[in-house]
There are 2 protein chains.
Amino acid sequence: MTGTPKTVDAIRSKVKEGEVGLQGRGKRKSTLRSSGAVCSPVSTSSIAANSIRARKSSLGHFKNLVDEIESGVEKPFTKIIDLSVGDAHKVGLKPITFLRQVLALCAYPELLKSGDFPEDVKARVQKILKACGKGIGSYTDPWGLKEVREDVARYIAERDGYPSDYRDIGLTSGAAGAAREVMALLMTGKDTVKRTGLMIPVPQFPMYSATTSEFGGYTIPYYLEEGTNWSLDIMELERAIAEAKPHCIPRAIVVINPGNPTSSVLTKDEIKEIIKFAHRHRLFLMADEVYQHNVWADGAEFVSFKKTLMEMGPPYTQMQLASFMSASKGFMGECGLRAGYFEIINIPPDVKAEITKSLFVKQCAPITGQAVMDCIVNPPKPGDASYDQFIQEKAFVISDLKKKSKVVSDFLNSVEGITCPEISGSMYAFARIHLSEKALQAAEEAGLIPDDFYCISLLEQTGIFTVPGYCFRQKPGTFHFRMTILPQMEDLVYALEKLKEFQTKFMAKYK
Amino acid sequence: MTGTPKTVDAIRSKVKEGEVGLQGRGKRKSTLRSSGAVCSPVSTSSIAANSIRARKSSLGHFKNLVDEIESGVEKPFTKIIDLSVGDAHKVGLKPITFLRQVLALCAYPELLKSGDFPEDVKARVQKILKACGKGIGSYTDPWGLKEVREDVARYIAERDGYPSDYRDIGLTSGAAGAAREVMALLMTGKDTVKRTGLMIPVPQFPMYSATTSEFGGYTIPYYLEEGTNWSLDIMELERAIAEAKPHCIPRAIVVINPGNPTSSVLTKDEIKEIIKFAHRHRLFLMADEVYQHNVWADGAEFVSFKKTLMEMGPPYTQMQLASFMSASKGFMGECGLRAGYFEIINIPPDVKAEITKSLFVKQCAPITGQAVMDCIVNPPKPGDASYDQFIQEKAFVISDLKKKSKVVSDFLNSVEGITCPEISGSMYAFARIHLSEKALQAAEEAGLIPDDFYCISLLEQTGIFTVPGYCFRQKPGTFHFRMTILPQMEDLVYALEKLKEFQTKFMAKYK
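The written sequence of each chain sets the order in which its residues are numbered from 1. Chain labels run from A onward and ligand labels from 1 onward, assigned in the order the entries are written. In keeping with the predicted nature of the model, local features appear solely for residues at pLDDT of at least 70, side-chain atom pairs appear and are counted solely at 80 or more, and the whole-chain, interface and lining totals rest on all residues. Computation of side-chain values: all heavy atoms of the structure, hydrogens and water removed.

- An unreviewed UniProt entry annotates chain A as alanine transaminase of Elysia crispata.
- In UniProt, chain A has this text filed under Cofactor (unreviewed entry): "pyridoxal 5'-phosphate". UniProt positions are given in the numbering used here, feature names are shortened, and annotations may be inferred rather than shown by experiment.

Set out below in structure tokens:
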């Protein structure tokens, strides 16, 4: 299916030969593959491997193309458009000025003397530097700067209308860092008879299955319903957990809202049903809410799991929940700065002590990221010198993405052989490609998964770079690609036209 | 021995009661404790817990003291001096101007237009921004920016006189991040009969034992010889590995050079012996070389493991080695920016592919840290506009620390009941306290480990904040404290005088 087994065998053989050092990991990987295979035809670790390998293989193709074009090799196209990764800056989004000015002055406080920066920028910098003690060169508390965590708590309280305690908030290196902390705590020890089961949506953001296998956990996939805009069906959750129980101890459920790679936005009623399900099965709730600023569909709105749980009242208000946020998405898209936070509620003090120890070993999240997170949760207020520019910049990004979400789904649905539910939120279209028998045969002959075959052909013939659906898992027999809606409108439209051309030729060729 | 068992029991009981969610971790912790206990009276995980708890408990004391003083509570002292953590900026070290200017302009490129910054700063920023593609808001390659890794490779090649390949270098979030990557790969799967054994020096930097237990590995402690300036004795390595073999598969050895908490600097001959030992036992070499810029003793010099291995020629040149570097130490002390790198040599491509997958899940190291690392490995050159200031700032830090290293060891050895080997490198004194029977009794009555009792009394009576030796592990029956040599000379001398007063009273009280 992929090259991974070959790799694993290669490593395994080395282990057999008794070679030392890093080959140990190879053995572990292979073990996880086989044991993971109990739960689904594609094992947790091979999914992780697949998804990552696919990105790598397509990345490889991508890099080769760039090199070839630069060295003047003739191509059927002149421009490459990267629709593969949720990295807004990479495709031209300008950073938010307030945020970068604060970062610059934190790095070089000499600039506080300069007249070129607004007073609110300087005030924020002074607040952050005071919180640091001696500037951004010092370690912070393992949980992050108290003052930033207090701002995060205020942001959450305002958003939800329910109190938030800064002692429940940890600042991390991106949302991945936040999720890793919680997942590490959830995974049981090697000696327990059964592994910790983590319910993960399919399609999903591959970090979850990859991290689950890394920590020796057990992935319990539950399918989202493509036909109804990737909705979440409780009966499917019941099916998934029932099938998994012989193999693991289900301990948590991951929900990504708004969705990635799906762009669905859950309604409050759907969230209530998930919370009831988690309560029935005593599951820890992991709410990936990094796209909370990215909601596009009319009538759709972001509602946090915490708010819903609080509204539901006891016994739900006592449930354990972790929510994750990131600086990489939203209107700021600061992927490279690696900033994120988690909020955990109803966690006993002794378990919090364990979290502190785990965070302590890694010292602290980068202060640059902590400072950026502070600007995101506590942006300029009306009357502040930076307010107008901030609102303008933020509004532009949001309205621009809203426009693009409509353009992309409308266009994709106009192309024969491609269907795509409405893009309600996040930054992606997860489009289904309906492949003919001939196309499937061609893929098999090429030794590629059908949607990998499709995306690589698309890249090579048009310079349009997307990610095949299997990287995110998908229902057997269905094939997809994920594309971002992030590029500048002109590039986006160009990419969609190219895609349509390609699809027409592809359909004709494999009719 | 510490409060940790209580915590673990508390969590275990919850697990018995079948509570959900995060309590799972408690069970795991307790498991690791008991299994770890096979190898030494203090298990790997409880060591991790101890060290971290001690920092926390003393941190708690520290914070209380600060609060009390601020709220006007009378104390036998007016000033608190923190000697507990290798955080130079926290105790007054000024950041290197070039480095912070580069960081500021990377964050806010508008400043490239300003006349206030040297040309070489702007040139460096343009180079880094070009490498990023669209600025520091984008993800980089999981291994980090190619151009920065090339600069690291050049730095290593110049340092050692042997080639270095940028494809062997990964940029990480601090050296802890680098070590975690390699340790994660070394740890075998849950199904292997025996755990992966990691040889770790005693005393050690607690991150190693903590991470080993986190990844389910097995700590093989080897003792450094205090009597001969914490030298490393091959017979002790042989003893340690022989004793551990029934319990684990020894797969790697960690060497910290220059030492932390010991300040010893290994000679080339010592390193050769370690390499031969590792080769005899087919061990992966983990060289923690984060203090390579911190060498103080006359005649002592930093020699890298890689250089030594290359000089030794085959078969040693084929050995697998990882070396770690950090931006948090040296002359720059940029702890809060979380920057580090690893160099791995003789690693097969399939294992490198595994590393790429593992790095990929975490996206990439913060670009701010990557930029800082570039400035450290590729500082201004003669003729560059920033050169003179950079050299001046660097030279000041280095000569100042060299002075302090002598002041501290001379002073400590002049105090009755305290001995401290010469501080040859790094940033610490690891001083031995010779405690009377009465003092040991007093500690036992207080329910504290003797050196914890000593350090907490010292803190409460003088405001001098040090770390008890047991946090780093030490030979049974010996007691130490670690203090940094980082504070401003005036504060350092004040702290030493206070320490002497305290020690005199302490000795008299428990005579």
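**Things to note about the overall build of chain A**
Okay, step 1: Comment: elements are numbered from the N terminus, with helices defined as DSSP H or I runs of at least four residues and strands as E runs of at least two. The helix and strand tally for chain A stands at 17 helices and 13 strands.
Okay, step 2: The buried label applies to any residue whose accessible area, calculated with a 1.4 Å probe on protein chains only, is under 20% of its type's maximum; exposed applies above 50%, and partly exposed to all values in between. In chain A, buried positions account for 65% of the 511 residues.
Okay, step 3: Sequence separation of at least 24 residues holds for 71% of the intrachain contacts in chain A that already meet a minimum separation of 6.
Okay, step 4: Computed with the Shrake-Rupley method and a 1.4 Å probe, the accessible areas treat only the protein chains shown as cover for residues. Only carbon and sulfur atoms are counted for the fraction: they give 55% of the accessible area of chain A, which is about 17,900 Å². The contact rule is simple, with two residues in contact once any of their heavy atoms fall within 4.5 Å.

**Some thoughts on the sheet that holds strand β6 (residues 284-288) of chain B**
Residues and elements named next belong to chain B.
Okay, step 1: One requirement defines pairing of two strands: DSSP has to find at least two bridges between them. Overall, mixed pairing links the 7 strands, which are arranged β2-β8-β7-β6-β5-β3-β4 in an open sheet. The open sheet terminates on both sides in strands that have one partner only, identified here as β2 (169-172) and β4 (218-223). Taken pair by pair, the neighbouring strands of this sheet meet at an average axis angle of 25°, ignoring direction.
Okay, step 2: Pairing geometry for strand β3 (residues 195-202) and strand β5 (residues 248-256), over 5 bridges, is parallel. Note on β5: the bridge partner recorded for Gly197 is Pro250.
Okay, step 3: Taken strand by strand, helix α10 (residues 268-280) contacts β3, β5 and β6, and its axis lies near 165° from that of β5.
Okay, step 4: Lines are fitted to the C-alpha atoms to define the axes, a helix being fitted only along its stretch in contact, and any angle between axes, read from their N-to-C directions, falls within 0 to 180 degrees. Its contacts with the sheet place helix α11 (residues 305-312) against β5, β6, β7 (321-326) and β8 (340-345), and it is angled at close to 15° to β8.

**Comments concerning the sheet that holds strand β13 (residues 480-484) of chain B**
Residue and element names in this part refer to chain B.
Okay, step 1: Strand order in the open sheet made by the 4 strands is β9-β10-β13-β12, with antiparallel pairing throughout. Strand pairing shows two members of the sheet lacking a second neighbour, β9 (418-419) and β12 (467-468), which therefore form its edges.
Okay, step 2: The pairing of strand β10 (residues 428-433) with β13 spans 5 bridges and is classified as antiparallel. Bridging across to β13, Tyr428 finds its partner in Thr484.

**Some remarks on helix α17 (residues 489-509) of chain A**
Since there are 3.6 residues in each turn of an α-helix, residues three or four apart along the chain are aligned in direction.
Residues and elements named next belong to chain A.
Okay, step 1: When the terminal C-alpha atoms of α17 are compared, their 30 Å separation across 21 residues agrees well with the 30 Å that a helix rising 1.5 Å per residue should span.
Okay, step 2: Among the residues of α17, Leu492, Ala495, Leu496, Lys498, Leu499, Phe502, Gln503 and Phe506 are the ones counted as buried. Within α17, the buried residues cover an arc of 165° as seen down the axis, which keeps them to one side. With respect to the buried face of α17, the exposed residues turned more than 90 degrees away are Glu490 and Lys505. Here the expected span of a helix is defined as 1.5 Å times the quantity of residues minus one. Here the arc refers to the directions that run from the helix axis out to each C-beta atom.

**Quick look at the confidence of the model for chain A**
Low-confidence regions, as indicated by low pLDDT, have predicted coordinates that should not be scrutinised in detail.
Okay, step 1: Along the chain, pLDDT gives the predictor's confidence residue by residue, from 0 to 100. Averaged over every residue, the pLDDT of chain A is 86; the share at 70 or more is 87%.
Okay, step 2: In this model residues 1-55 of chain A is a low-confidence stretch, pLDDT under 50, and it forms 125 contacts with partners more than four residues away in sequence or in other chains.

**Digging into the environment of Pro95(B)**
Residues and elements named next belong to chain B.
Okay, step 1: You can see Pro95 is positioned in the loop between β1 (81-82) and α4 (97-107).
Okay, step 2: According to the relative accessible area criterion, Pro95 is partly exposed, its value standing at 30%.
Okay, step 3: Distance in space between the C-alpha atoms of Pro95 and Glu334 is 7.5 Å, their sequence separation being 239 residues.

**Some points on the pattern of salt bridges**
Okay, step 1: Any carboxyl oxygen of Asp or Glu within 4 Å of a side-chain nitrogen of Lys or Arg constitutes a salt bridge here. Taken as a whole, this structure holds 52 salt bridges over all chains when the rule is applied.
Okay, step 2: Between Arg239(A) and Glu243(A) there is a salt bridge, with its nearest N and O atoms 3.0 Å apart. Placement of the pair is Arg239(A) and Glu243(A) together in helix α9 (residues 234-244), with a separation of 4 residues, close to one helical turn.
Okay, step 3: Notably, a salt bridge pairs Lys90(B) with Asp82(B), separated by 3.0 Å at the nearest N-O pair.

**With respect to the packing of helix α5 (residues 119-132) of chain A against helix α13 (residues 367-377) of chain A**
Residue and element names in this part refer to chain A.
Okay, step 1: The interhelical angle for the contact between α5 and α13, taken along N-to-C directions, is 135°, at an axis separation of 11 Å. By the angle between their axes, α5 is oblique relative to α13. Handedness of the α5/α13 crossing: right-handed. The residues of α13 that touch α5, namely those facing Arg124, Lys127, Ile128 and Cys132, are Ile367, Ala371, Asp374 and Cys375.
Okay, step 2: Amino acids outside the nonpolar list (Ala, Val, Leu, Ile, Met, Phe, Trp, Tyr, Cys, Pro) and the charged list (Asp, Glu, Lys, Arg) are all regarded as polar, and Gly is one of them. Classifying every residue of the contact of α5 with α13 gives 5 nonpolar, no polar and 3 charged. Angle categories are assigned with fixed cut-offs, so that under 35 degrees is roughly parallel, over 145 is roughly antiparallel, 65 to 115 is roughly perpendicular, and the rest are oblique. By definition, turning the near helix anticlockwise from the far helix through less than a right angle yields a left-handed crossing, and turning it clockwise yields a right-handed one.

**Some words on the packing of α10(B) against α11(B)**
When two helices pack together, their arrangement is given by the angle between their axes and by how far apart the axes lie.
All names here are of chain B.
Okay, step 1: Packing of α10 against α11 leaves a shortest axis separation of 10 Å and a crossing angle of 75°. The angle between α10 and α11 falls in the class roughly perpendicular. Across the interface between the two elements, Lys268, Ile271, Lys272, Ile274, Ile275 and Lys276 from α10 touch Phe305, Thr308, Leu309, Glu311 and Met312 from α11.
Okay, step 2: In terms of residue class, the contact of α10 with α11 is made up of 6 nonpolar, 1 polar and 4 charged.

**What to know about the nonpolar core**
Okay, step 1: Only buried residues count toward a nonpolar core. Its members are Ala, Val, Leu, Ile, Met, Phe, Trp, Tyr and Cys residues joined through side-chain atoms within 4.5 Å. One finds Met286(A), Leu412(A), Met286(B) and Leu412(B) to be the most contacted residues of the largest nonpolar core, which totals 232 residues.
Okay, step 2: Residues contacting Leu412(A), with those up to four places away along its chain left out, are Ile418(A), Cys420(A), Ala429(A), Ala431(A), Phe481(A), Met483(A), Leu496(A) and Leu499(A).

**Regarding helix α10 (residues 268-280) of chain A**
Residue and element names in this part refer to chain A.
Okay, step 1: Taking 1.5 Å as the rise per residue, α10 with 13 residues should run 18 Å; its terminal C-alpha atoms sit 18 Å apart, in good agreement.
Okay, step 2: Taken together, the buried positions of α10 are Ile271, Ile274, Ile275, Phe277 and Ala278. Relative to the axis of α10, the buried residues are bounded by an arc of 160° and lie together on one face.
Okay, step 3: Looking at the buried residues of α10, the elements they touch are β3 (195-202), α9, β5 (248-256), β6 (284-288) and α11 (305-312).
Okay, step 4: Arg282 sits one or two positions beyond α10 and adopts a positive phi of about 50°.

**As for the state of the cysteines**
Residues and elements named next belong to chain A.
Okay, step 1: Disulfide assignment relies on a single distance test, namely cysteine sulfur atoms paired within 2.5 Å. All told, the structure shown has 0 disulfides over all chains when counted by the stated rule.
Okay, step 2: With no disulfide of its own, Cys106 lies 6.7 Å from the sulfur of Cys132, the closest cysteine sulfur.
Okay, step 3: The exposure class of Cys106 is buried, given its relative accessible area of 1%.
Okay, step 4: Among the cysteines around Cys375, which has no disulfide bond, Cys106 carries the closest sulfur, lying 7.4 Å off.

**Some words on the pairing of β4(B)**
Looking along a regular strand, one sees side chains alternate from face to face of the sheet.
Residue and element names in this part refer to chain B.
Okay, step 1: By the criterion of burial, β4 is predominantly enclosed, with 5 of the 6 residues buried.
Okay, step 2: Sheet analysis places β3 next to β4, joined by 6 bridges and oriented parallel. When the bridges of β4 are listed, Pro201 appears paired with Tyr222.
Okay, step 3: Read from β3 through helix α8 (residues 207-214) to β4, the crossover connection turns out right-handed. By convention, orient the strands away from the viewer: a clockwise path from the first strand over the helix to the second makes the crossover right-handed.

**Quick look at the side chain of Asn294(A)**
Residues and elements named next belong to chain A.
Okay, step 1: Position of Asn294 relative to the elements: it lies in the loop between β6 and α11.
Okay, step 2: Note on Asn294: relative accessible area 0%, which makes it buried.
Okay, step 3: Not counting the four nearest positions on each side in its chain, Asn294 is found in contact with Pro258, Lys329, Gly330, Leu401, Gly425, Ser426 and Met427.

**Concerning the pairing of strand β7 (residues 321-326) of chain A**
Residues and elements named next belong to chain A.
Okay, step 1: Taken across its 6 residues, β7 has 6 buried, putting it largely inside the fold.
Okay, step 2: Alternating residues of β7 divide into Leu321, Ser323 and Met325 and Ala322, Phe324 and Ser326, and every residue in both groups is buried.
Okay, step 3: Here 4 bridges tie β6 to β7, and the two strands are oriented parallel to one another. Looking at the pairing, Ala287 lines up with Ser323 of β7.
Okay, step 4: With respect to chirality, the unit in which β6 leads through α11 into the neighbouring parallel β7 is right-handed.

**Looking at the packing of aromatic side chains**
Okay, step 1: We call Phe, Tyr and Trp rings a pair once their centres come within 6.5 Å, taking the six-membered ring for Trp, and we label the pair stacked below 30 degrees between planes, edge-to-face above 60, and tilted otherwise. Taken as a whole and judged by the stated rule, the model has 28 aromatic pairs over all chains.
Okay, step 2: Measuring from centroid to centroid gives 5.7 Å for Trp230(B) and Phe430(B), while their planes differ by 55°, and the two rings are tilted. Within this pair, whereas Trp230(B) is found in the loop between β4 and α9 (234-244), its partner Phe430(B) is found in strand β10, the two being separated by 200 residues in sequence.
Okay, step 3: The exposure class assigned to Phe430(B) is buried, which follows from its relative accessible area of 2%.
Okay, step 4: Each residue in the set Phe453(A), Tyr454(A), Phe481(A), Phe502(A), Phe506(A) and Tyr510(A) is aromatic and connected to the rest through ring pairs, giving one cluster.
Okay, step 5: Seen from the ring of Phe411(A), Lys500(A) lies directly overhead, with NZ or CZ sitting 5.6 Å from the centre. Distance and angle both matter: a charge sits over a ring if NZ of Lys or CZ of Arg is within 6 Å of the ring centre and within 35 degrees of the ring normal.

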